[in-house]
Every structure is written in structure tokens, then in C-alpha cells.
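Coordinates in review
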Amino acid sequence: MLRSTLIKRIGQDRFDLWFGDRVRMDMKDGALVVAAGESFTLERLRTSFRRDLAESAAQVLGGQVAVEFELDTMLIEPAGSTCSLVDVKVDAMADSTQAVGAASSSTPAPHFPLTSTTPFAPASPTSSTRRFASLASYVVGDGNRLAYTVAESTVRRLGEVSPVFFCGPTGCGKTHLLEGVWSLARRKSPKQRVVMLSAEQFTTYFIEALRGSGLPNFRRKYRDADLLLIDDVQFFVGKKATVVELIHTIDTFIRHGRQLVLAADRPPTELSALGPEIAARLTGGLVCNIEPLDGETRLGVLRKIAARCGAAIDEETFALLADRLNGDARVLAGAVHRLQASSEALRQPISVHLAEKALTDIFQSTQKVVRLADVERAVCDVFGVEPETLQSAGKSRGASQPRMLAMWLARKYTRAAFSEIGRHFGRRSHSTVISAEKKVNAWRAEGAELQLAHGVCRADDAIRRIETRLRCG
């Protein structure tokens, strides 16, 4: 009763962070005795929650109650357990303003499981925790096969290659991979300390530690982990103090041969806003690019989602969904859930006809129309050139390579005729566009290397980067 009353006063997140299962509250000689295993936690409870504790106890017992605090080392968390991680919003200091803004405008970070001897047991209906995804449920395709293989091998050889960095657009499976690594590592080595959190959570806890003078405890919790996984690294942009802390955390893991796994929506070379130090450390490990889901992989993901939620979908409808929806797994899941709900509401079996009717707005929103200006913008971003360069008469490699690649992509992704493409890229003839197509096809066959804004890469890799930008808008 006291705990539920206290939760109503301070909120579930703050209660999980500072109380959870690591704080004991007992009535002794008419006083409320609050015990914690660490002096830092105990001092924080005394300074920040004394009034809340006293008023909650008074509300439950119907009278004023004295609150006493004591240290009980029996409550210290075992060294091999997983840290308790929750999503907390902070409203002070330089980084916290941005942290709260980003948290309110993006998908909320998941609540990670509390310490448990059975971390893989399904949560109860009233629990705020959820079961983590596993590598076994990951749908492997051509665009993510390397990342999946690296995830598996990372668990088998913790610390051998660190850090491992997964990058790719939204919905390509980065978080699923991190959760899969977490789950597999916990199952294979239950005594090791395995911690997963988002960049927003890392920032929030770091600021909390600064405010409460608890940096040593914060650093022990995360730097002493055997495996640390951090999602959404791009969130650190603009948070200078947190970036410095992250650099030292990465250095600690590299120095002690422990495993660090991170994920972001772009490669390290495009995270220049974080500073060259971060990019250098990330590229010094193993960077795995994950591409948007292709048609076959989308089919596999759709089948997995349908099986999980019990939706009876035939192959013809699966094919329609895979063809009409983009490579974002969240969009695929939303479409299946809506189809199932529509089927139940209308008392109709799921079919192509029902899908066309129920998912009209999703189909329209995911079918992006690519224009010549979109191709031009994406090529300029990847090559680091201005639009005028693509439309100029220059014949240097810095101008001709991106121009020919832009023509090739325009033929693939737009409905523009040869003559229209030629006019857009410097008033060239249709034969020039045909020649550019042949040239790019030769580059791909030969494995030719192109000079991009952030270094040299093969033609196929350059095309994939540009295509990712086109798909992501």
C-alpha cells in the first residue's frame, strides 16, 4: 500500500530508478525505516524523497510518521546482475533541455527488464517491462546478412572486436539486433553484466549523476559492464558534456577488452557533429551497414508479424503488402495490425480486396514519388558537391562521376524520358544519358571506386547510400 501511494506521488519512473527492488521500507517502533545498500542511493533518498515518504506514510497510516534511513549492505545488487534501466525525463542542465525535447518527439525508449533470475520469462499483463527480441526471430536478407552474422559472432567472442557499430535507416532492424545480442549474451553468460540502453537514457542518467554528485556510481554502473549496448547514437549530437563522457566510456571498454555495441541511423563518417574523436573510435572497430528491407525480407517480416499476432493472411495479400509498403518494419507491423482489426470489425477474412480498402492511406503515404530534383539532392549529399556541378560542362572526375550516377539513378527511379534527364543535368542529349547508363553499369561490374564526400568507396556502395536517402526522403 505504501509503495503504490508513493508511486502516485513521485511517478513510476522515479520510483523504479531510486527504489525498485533495491530499497527496503519497514515500520519499526512507529517509524518508517528506509534501507538501501549503497550510501549514494541512501543519501539521495534522504535529500530528495524524505518529504514524499513521510506524507505517503501519513496518508496510509492516518497520522504523522517519522522517517529514518539506514544502510544495509545485504541490499547491494549482485555483481553479475543486469542494471535496472528506466526512461526518466530531466529538466535541468545544458544537455537535459534537448534530451526532453527529443524524447517527446520520438518513439519512447523501451523500459528495460529489472534484475531477474529469469530475464526471459514473459512479463505479466500489468508489468511495464517487455520481453526482448531474439536473434532467432530476426529475418535475414541480403541487406542485413552481414550485420546478423556480426551480431552472432560478437556474443561468441565478447571483446574481440570492439566497438561494433550498426547503422541504417529507421525500421531496418538495428534495435532488434541489439536486443538479440542482449538476450543471447544473458542466456550464454548469465553471470556477466550486460546492459542495454538508449542514448537518451544514457544522457538522462549522466545528468542525474551530475546533479546528485554521483558520477563515480554512474561510471561504475556502465564502464564496468562486460557488454554495453547503446541505441540511437545520433541522439548525442549537440550534447557536448555527454559526448565527452561517451568518449571516455568507449576508451575504457577498448582499453580493458570489453564489448561495446552501438547503433545509429547513419554511419560514423556522417556523424561529424559528434566530433572527429567519436567517428575515429567507431570506425576503428567494426561498422556494419544495414540496408532498408528488400522485397523478400519484407515478405519474411510480414509472415513473422502475422504469425505472432495470429492474423490469417494468404500469400496473395502478403505479396501485395510486400510490394506496396516500404522497408520500415514498423510500417509493416502497423499494416498487419490494422488488417487484423479491420477483419474482425467487418467480419471479413483478410484478402487483397480488404487490404486495398483498409490500407489505402498507408499505401499512398509509403509510395514515394521520386523526382529528378530528389535524385540530384541525394547525389549531391553523398558526393559533397553542389547542384551546379551536376549541371555544369565540367569533365573532371569530381563532376562527371556524380553526374553520370545521377543520370543512372534518374532512369531507375523516375519516369522521366532520356531527353528530360539530359536537359535537367546540363542540357545534354539523350545519347549522353544512354552513355552514362552504360558507364555506371561498367563501374558496378568492375567494382570501380568513386570519390565521395567522406572517402572512397565502390560504386555499388555509393549507389546504396544514395538509394537509402531516396527511400528516407
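Here the structure is shown first, and the text comes after it.
The rules behind the values
Residues numbered from 1 in each chain as written. Predicted model: local features only at pLDDT ≥ 70, side-chain atom pairs only at ≥ 80, totals over all residues. Heavy atoms only, no water. Helix = DSSP H or I, 4+ residues; strand = E, 2+ residues; numbered from the N terminus. Buried < 20%, exposed > 50% of the residue type's maximum accessible area, 1.4 Å probe, protein only. Contact = heavy atoms within 4.5 Å. Areas by Shrake-Rupley, 256 points an atom, 1.4 Å probe, with all protein chains shown as cover. Salt bridge = Lys/Arg side-chain N within 4 Å of Asp/Glu carboxyl O. Polar contact = N/O pair within 3.5 Å; in protein donor to acceptor, adjacent residues only side chain to side chain. Axes fitted to C-alpha atoms, helices over the stretch in contact; angles between N-to-C directions. Parallel < 35°, antiparallel > 145°, perpendicular 65-115°, else oblique. Left-handed = near helix turned anticlockwise from the far one by under 90°. Expected span 1.5 Å × (residues − 1). Pairing = 2+ DSSP bridges. Phe/Tyr/Trp six-rings, centres within 6.5 Å; stacked < 30°, edge-to-face > 60°. Lys NZ or Arg CZ within 6 Å of the ring centre and 35° of its normal. Right-handed = clockwise from strand over helix to strand, strands pointing away. Core = buried A, V, L, I, M, F, W, Y, C linked by side-chain atoms within 4.5 Å. Lys, Arg positive; Asp, Glu negative; His and termini not counted.

1. Brief notes about the overall build of the protein chain
- Within the protein chain, the secondary structure is distributed over 21 helices and ten strands.
- Taken across its 473 residues, the protein chain has 49% of its residues classed as buried.
- In the protein chain, the proportion of contacts linking residues at least 24 apart, taken out of those at least 6 apart, comes to 72%.
- Working note: accessible area of the protein chain is about 22,800 Å², and carbon and sulfur atoms make up 51% of it.

2. What about the pattern of salt bridges?
- All chains considered together, the criterion is met by 22 salt bridges.
- The shortest N-O distance in the salt bridge between R377 and D374 comes to 3.1 Å. Here the residue R377 and the residue D374 both occupy positions in helix α16 (residues 372-383), the gap between them amounting to three residues, near one helical turn.

3. Looking at unusual backbone geometry
- For the bond from S162 to P163, the omega torsion is 0°, close enough to zero to count as cis.
- By the secondary structure assignment, P163 is in the loop between α5 (145-156) and β4 (164-167).
- A positive phi angle is found at D232, which is not glycine, with a value near 60°.
- Here D232 shows up in the loop between β6 (227-231) and α9 (240-256).
- Using a relative accessible area of 32% as the deciding quantity, one classes D232 as partly exposed.

4. Considerations on the side chain of S162
- Inspection of the secondary structure puts S162 in the loop between α5 and β4.
- Within the structure, the side chain of S162 is placed 3.1 Å from the backbone oxygen of R258, a separation counted as a polar contact.
- In this structure the side chain of S162 is engaged in a polar contact, spanning 3.0 Å, whose partner is the backbone nitrogen of L260.
- Once you skip the residues sitting within four places of it in the chain, S162 turns out to touch I254, R258, Q259, L260 and G285.

5. Re the packing of helix α11 (residues 295-309) against helix α13 (residues 329-346)
- Contact geometry of α11 with α13 gives a least axis separation of 10 Å together with a crossing angle of 45°. With respect to their mutual orientation, α11 and α13 come out oblique. The hand of the α11/α13 crossing is right-handed. Taking contact as the criterion, the partners of R298, V301, L302, I305, A306 and C309 in α11 are, on α13, A329, L332, A333, V336, H337 and Q340.

6. Concerning α5
- End to end, α5 covers 17 Å across twelve residues, agreeing with the expected 16 Å (1.5 Å per residue, within 8%).
- Taken residue by residue, α5 has A147, Y148, V150, A151, S153, T154 and V155 as its buried positions.
- As for α5, its buried residues are in contact with β4, α6 (174-188), β7 (259-264) and β8 (286-289).

7. Side note on the sheet that holds strand β5 (residues 194-198)
- The parallel open sheet is built from five strands, whose spatial order is β5-β6-β7-β4-β8. Single-partner strands in this sheet number two, and they are β5 and β8. Adjacent strand axes in the sheet meet at a mean angle of 15° when their direction is disregarded.
- Note: β4 against β7, four bridges, orientation parallel. Along β7, the bridge assignment pairs C167 with A264.
- Those strands touched by helix α7 (residues 199-211) are β5 and β6, and its axis lies near 95° from that of β5.

8. Considering the packing of aromatic side chains
- This model, assessed by the stated rule, comprises nine aromatic pairs.
- Judged by centre distance (6.1 Å) and plane angle (50°), the ring pair of F202 and Y222 falls under tilted. Within this pair, whereas F202 is found in helix α7, its partner Y222 is found in helix α8 (residues 215-223), the two being separated by 20 residues in sequence. Note on accessibility: F202 and Y222 belong to one class, buried.
- Judged by centre distance (5.7 Å) and plane angle (55°), the ring pair of F206 and F218 falls under tilted. Remark: F218 occurs in helix α8 and F206 occurs in helix α7; sequence separation between them is twelve residues. Judged on exposure class, the residue F206 and its partner F218 are both buried.
- One aromatic cluster in this structure is built from F202, Y205, F206, F218, Y222 and F236.
- For the cation-ring pair, K239 lies above F235, with the distance from its terminal atom to the ring centre recorded as 4.2 Å.
- The ring of F318 has R303 lying over it, and the distance from NZ or CZ to the ring centre is 5.8 Å.

9. So, the pairing of β7
- With six of six residues buried, β7 is to be regarded as a mostly interior element.
- Residues of β7 alternate between two faces, with Q259, V261 and A263 on one and L260, L262 and A264 on the opposite face, all of them buried.
- Alignment of β6 against β7, held across four bridges, turns out to be parallel. Residue pairing across strands places L229 opposite V261, the latter belonging to β7.
- The parallel pair β6 and β7, bridged by α9, forms a crossover whose chirality is right-handed.

10. What to know about the nonpolar core
- Of all hydrophobic cores here, the largest spans 51 residues; its most connected members are F19, M25 and L53.
- Apart from residues no more than four positions distant in its own chain, L53 is found in contact with L6, F19, M25, L32, V34, V67 and F69.
- Core analysis: the second largest hydrophobic core is formed by 33 residues, V382, M407, W408 and L409 among them.

11. Describing the side chain of R258
- Along the chain, R258 falls in the loop between α9 and β7.
- Buried charge without a salt bridge: R258, with D224 as the nearest opposite-charge side chain at an N-O distance of 4.3 Å.
- Here the side chain of R258 touches A225 through a polar contact of 2.9 Å, landing on its backbone oxygen.
- Beyond its immediate sequence surroundings of up to four residues, R258 is in contact with G159, S162, R223, D224, A225, D226, T252 and F253.

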